[in-house]
Amino acid sequence: MKKQKSFAELDYFNAIACLLVILIHVLSVGITSLEKNSLQMAIVYLPWKLAAYVVPGFLFTGALKMALGFAGRENRLTPAGYVKYMWRRILKIYLPYVLWVGIYYLYFLRIGWVKPGIGVFLRYVFVGDLSSPFYYVVTVMQFYLLMPLWKWMTEKIPFWAAILTAAMVTHGMLYCEGILSQIGIAFPWRDRVFPSYLIFWVLGLYAGKYYDTVRETLKRHIGAALSLLIPIALYGFGSLWQHAKGIWLFDGNVIKLFSDCMTICVMLSLCILLADGTCAVVKKPFGFIYRASFTVYLSHCLFLQIITSAIGALGVTDIGVQLVLRAAMCYTAPFILWYVWYLMKKATTKLLQKRKEV
């Protein structure tokens, strides 16, 4: 079995996306509180809107890494190999997710936001709607469960056929709730089922299959990649105009699919340039953020709620002050929590090794 290649830019990509997830939730109070026509709203709205590519970006890099892993496996996927793969995903992703759902649930139970009961808790685990970041885990686990399908697809289906089909499915999912309602079926879970994000996953799979070529192409044509910032900016300002004026210019959900794909391309190109550089100033902090990213992703909204409650208790009404306090909490406490856990884990491992040596 060949050893899977490691590409630092993928870690950088996810580190930046982790920081932007926090930004989205920190800025949300401004979106709901500021005057729609104000300059302050524009300053808050544009980064909030354009950062929303992050979950598609996480799915893209997850699929890319999966496809890189296919190159390191034997052609035939055995049932034992699939079970081993899924067990690793459960230990690394799903169990931490369940743990954090439990922590959130106990906190919300204490403040009276949720009802008690094991059935209530399990429903939150299954649906992933106790806190806004959790739907990603519910969605990505569906993609992991279908790993044999993706392996077969990348081996048997041409990339153009797979990508066009995925785009059609993802576009169709935008309207599934309305279509199903016409036949009396309520389906409020479109945002947490895998077909809604299929285009990003399939793009990631084929980018991973041909990654050496993709990587070199993005490096050679960095100017073309950066030119995508123009339509991305147009989408952002158009969305701001719609929001501020309460008018309809375009279907933002449809355009967002294109904008997210372009933003992923731009960010991956920039991360490749960073990875090929020799600047340790970038490497060390991004490495730290990446290692902490999943814990931070799961935990930051709990810290956000804690600081929001404290802000309310203190009677702070200035939105600017609220944003500073929210950012200060969410960009520090989750990372400190992970680092303390990391040090404890490291110390425990060393202790166990010493005992084995005795």
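Each remark here, short or long, concerns the structure printed above.
The residue numbering used here restarts from 1 in each chain and proceeds along that chain's sequence as written. Only residues with pLDDT of at least 70 get local features here, since the model is predicted, and only at 80 or more are side-chain atom pairs given and counted; chain-wide, interface and lining totals rely on the full set of residues. As a rule here, side-chain values come from all non-hydrogen atoms in the structure, and water together with hydrogens is ignored.

Draft legend 1. Quick peek at the packing of helix H4 (residues 79–110) against helix H6 (residues 135–145). Note on method: axes are straight lines fitted to C-alpha atoms, helices fitted across the in-contact stretch only, with angles between N-to-C directions ranging 0 to 180 degrees. The helix count covers DSSP runs of H or I at least four residues long, the strand count covers runs of E at least two residues long, and both are numbered beginning at the N terminus. At a closest axis distance of 11 Å, the pairing of H4 and H6 adopts a crossing angle of 175°. Classified by the interaxial angle, the pair formed by H4 and H6 is roughly antiparallel. Residues Tyr82, Tyr85, Met86, Arg89, Ile90, Ile93, Tyr94 and Tyr97 of H4 pack against Val137, Val138, Met141, Tyr144 and Leu145 of H6. Gly falls in the polar group here, along with every residue not listed as nonpolar (Ala, Val, Leu, Ile, Met, Phe, Trp, Tyr, Cys, Pro) or charged (Asp, Glu, Lys, Arg). Along the lines of polarity and charge, the residues of the contact of H4 with H6 split into 12 nonpolar, no polar and one charged. Comment on the angle field: the value is read as roughly parallel under 35 degrees, roughly antiparallel over 145, roughly perpendicular from 65 to 115, and oblique elsewhere. The contact rule is simple, with two residues in contact once any of their heavy atoms fall within 4.5 Å.

Draft legend 2. Fine view of the pattern of salt bridges. The working definition used for a salt bridge is a side-chain nitrogen of Lys or Arg within 4 Å of a carboxyl oxygen of Asp or Glu. Counted by the stated rule, this structure contains nine salt bridges. Across the pair Glu155 and Lys151 runs a salt bridge whose closest N-O atoms are separated by 2.6 Å. Here Glu155 and its partner Lys151 are both found in helix H7 (residues 147–156), four residues apart, which amounts to about one turn of the helix. Relative accessibility decides the category of a residue: with a 1.4 Å probe and only protein chains considered, values under 20% of the type maximum give buried, values over 50% give exposed, and everything between is partly exposed. Look at Glu155 and you get partly exposed, because its relative accessible area is 42%. Look at Lys151 and you get buried, because its relative accessible area is 4%.

Draft legend 3. Spatial organisation of the nonpolar core. Only buried residues count toward a nonpolar core, which is a set of Ala, Val, Leu, Ile, Met, Phe, Trp, Tyr and Cys residues joined through side-chain atoms within 4.5 Å. Counting residues in each nonpolar core, the largest one holds 100 residues, and the members touching the most others are Met66, Leu130, Tyr144, Trp150, Trp201 and Leu205. Per element, the largest residue contribution to this core is 14 residues, and it comes from helix H1 (residues 8–33). Apart from the residues lying within four places of it in its own chain, the contact partners of Leu130 are Val101, Tyr104, Tyr105, Phe108, Val114 and Tyr124.

Draft legend 4. Just the side chain of His243, in detail. Looking at the element boundaries, His243 is found in helix H13 (residues 229–245). Accessibility expressed as a relative area gives 19% for His243, which makes it buried. Beyond its immediate sequence surroundings of up to four residues, His243 is in contact with Ile31, Lys36, Met41 and Tyr45.

Draft legend 5. Quick peek at the packing of H1 against helix H2 (residues 39–50). Packing of H1 against H2 leaves a shortest axis separation of 9 Å and a crossing angle of 145°. The crossing of H1 and H2 is left-handed. In this structure, H1 uses Leu23, Ile24, Leu27, Ser28, Gly30 and Ile31 to contact H2, whose residues at the interface are Met41, Val44, Tyr45, Pro47 and Trp48. For the contact of H1 with H2, the per-class residue count stands at nine nonpolar, two polar and no charged. By definition, any crossing whose near helix is turned counterclockwise from its far helix by less than a right angle is left-handed, and any crossing with a clockwise turn is right-handed.

Draft legend 6. Structural detail: the packing of aromatic side chains. Classification of ring pairs rests on two measures: the distance between centres of Phe, Tyr or Trp rings, Trp counted by its six-membered ring, which must be within 6.5 Å, and the angle between planes, read as stacked under 30 degrees, edge-to-face over 60 and tilted in between. Under the criterion given, the structure shown has 33 aromatic pairs. A ring pair is formed by Phe58 and Tyr297, whose centres lie 5.8 Å apart and whose planes are at 85°; its orientation type is edge-to-face. Placement of Phe58 in helix H3 (residues 54–70) and of Tyr297 in helix H15 (residues 280–314) is noted, with a sequence separation of 239 residues between them. Look at Phe58 and you get buried, because its relative accessible area is 9%. On the accessibility criterion, Tyr297 (5% relative accessible area) is buried. Ring geometry for Tyr235 and Phe250: centres 6.4 Å apart, planes at 45°, overall tilted. Here the residue Tyr235 occupies a position in helix H13, and Phe250 occupies one in the loop between H13 and helix H14 (252–276), the gap between them amounting to 15 residues. Each member of the pair, Tyr235 as well as Phe250, carries the same accessibility label: buried.

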